[in-house]
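Here are the chains, one letter per residue:
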Amino acid sequence: MSSSYSFLLAGRELDVFLSFSGKVALDLDLGYDLSRNGIKSFKSESWKENTFKPIDQRTLEALTESKVAVVMTSDEEASSVGFLEELMVIVESHEKRSLTVIPIFLTKHPLDVGQVFQLFPDKAQIWKTAIAKLESIAAQYSFSRNLPVIHGTHRIKQTADDIRLMFLSSASSDFKGLAGMDRHMKAFHALLALESDKEVRTIGIWGGAGVGKTTLARYTYADISVKFQAHIFLENMKDMLLPSENFQGEDLRGLDHELNELAEAKKKHRKVIFIADGVHNIEQGKWITEYANWFAPGSRVILITQERSLLVESGVNHVYEVGSLRYDEALQLLSRFAFKQLSYPPPDFERLSVRAVQLAGFLPVTIRLFGSFVTGRDKEEWEATLLKLNAKQGKDLMEVWKIMDASEDEEIVEASQS
């Protein structure tokens, strides 16, 4: 499935930890709707435990890996020891600011705790404190207390969408400070003309592989999507089969969630931000530009491709070229990933850094890969990696990936050079 959010969460094994007070909450399957939005979740089974035992290692690891914990509660069945013990860990992690907690109360009273409190009176006060803290956290979210209404399938999908937008909002800051991005964003925002709601504006982004076209689009998407009624990001159109001209959402059961969203936006004439990455041929370009006419005025449609001529022939009037980084920008980007936020490389690594950005062709993707790989390494290791990078000049970027991925295995590195 093409995901709207996988680009924000790349490199993470898990994104959301799902904690349930019992089977009633579990049966709503919020995890499915999160996964359709590219958000990876872990379903805890601690609620099954009615005796004292340590939380299992996999559950603790999942909680540590996750950025967000969603705690779904109901008083329709008695809470368990396992859930309450897990809740204590979740609240503690929240207080350490290492975890965002989103409570979802399915019933008027969050939990039925009478029975478990009677069985374990020595723990009752500690659990009460954790529950009180959870209720305090719930005040931050408008969708935490929806009482029985949340049982509807539509409400669960809307809750998943609210969480998705929260991911967008927080993730947008990850792009800020990237070398050259402020310069691109300023120029690209002028082309977007967001102050105008009189037309559906179609804009093209083009440039060579690895220059940052998709990063610019992602940053834009995260920055402005809240201004639109619908937001769709198709990540890779290269091998996508185009739907028929008059396709409707109900006809797309086997296709991606994003295409269903697209059909729904057309059907309801919504104001849309729609980004199509990897536009590969004229047929795709024309399909997008023609389809855009069905959206409401004020919509913005962005096509990303390596070919400027493709945009022109598809009827895109507003075009932005993303070029390679400037020298100072390239060194800043390398420094950020290799030396963790220094403005420029330290003097004793300056010569090596200049070589690195030159060999990387001033391409952001290659510089970021190299910087992440050499962070914490000494000059000799930099030299060895630069020799390998030099041997791959002019090769496909996947060859550079092979060098980085095989970092700890010399035999694999040698194989990647063959």
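Heads up: the structure comes first, above all this text.
Residues numbered from 1 in each chain as written. Predicted model: local features only at pLDDT ≥ 70, side-chain atom pairs only at ≥ 80, totals over all residues. Heavy atoms only, no water.

Visitor: Which residues make up the sheet that holds strand S3 (residues 68-73), and what values go with them?
Guide: Here four strands make up an open sheet; going across it, the order is S2-S1-S3-S4 and the pairing parallel. The open sheet has two free edges, formed respectively by strand S2 (41-43) and strand S4 (100-105), since each of these has just one partner strand. In this sheet, neighbouring strand axes are inclined to one another by 20 degrees on average, regardless of whether the strands run parallel or antiparallel. Where strand S1 (residues 16-20) lies against S2, three bridges are found, and the strand directions are parallel. Opposite Leu18, over in S2, you have Lys43 as the bridge partner. (Pairing = 2+ DSSP bridges. Helix = DSSP H or I, 4+ residues; strand = E, 2+ residues; numbered from the N terminus. Axes fitted to C-alpha atoms, helices over the stretch in contact; angles between N-to-C directions.)

Visitor: Go over the pairing of strand S8 (residues 300-305) with me, naming the residues and quoting the values.
Guide: Looking down a regular strand, the side chains alternate between one sheet face and the other. Burial analysis of S8 places six of its six residues in the buried class, the great majority of the element. Where burial is concerned, the two faces of S8 agree: the one with Arg300, Ile302 and Ile304 and the one with Val301, Leu303 and Thr305 are both buried. Alignment of strand S5 (residues 201-206) against S8, held across six bridges, turns out to be parallel. Bridge pairing in S8 places Ile205 opposite Ile304. The β-α-β motif built from strand S7 (residues 272-276), the intervening helix H11 (residues 282-292) and the parallel element S8 has right-handed crossover chirality. (Buried < 20%, exposed > 50% of the residue type's maximum accessible area, 1.4 Å probe, protein only. Right-handed = clockwise from strand over helix to strand, strands pointing away.)

Visitor: Can you tell me about the packing of aromatic side chains, naming the residues and giving the values?
Guide: Taken as a whole, this structure holds 14 aromatic pairs when the rule is applied. With 4.8 Å between their ring centres and 85 degrees between their planes, Phe52 and Phe120 make a pair best called edge-to-face. With Phe52 in the loop between S2 and helix H3 (57-65) and Phe120 in the loop between helix H5 (114-119) and helix H6 (121-138), the pair connects residues that are 68 residues apart, well separated along the chain. By relative accessible area, Phe52 is classed as partly exposed at 40%. Residue classification places Phe120 among the buried residues on the basis of a relative accessible area of 17%. Measuring from centroid to centroid gives 6.2 Å for Phe120 and Trp127, while their planes differ by 75 degrees, and the two rings are edge-to-face. Relative accessible area serves as the criterion here: at 0%, Trp127 is assigned to the buried category. Following the ring pairs from residue to residue traces out a cluster consisting of Phe52, Phe117, Phe120 and Trp127. The aromatic ring of Phe373 is capped on one face by Arg377, whose charged end is 4.4 Å from the ring centroid. (Phe/Tyr/Trp six-rings, centres within 6.5 Å; stacked < 30°, edge-to-face > 60°. Lys NZ or Arg CZ within 6 Å of the ring centre and 35° of its normal.)

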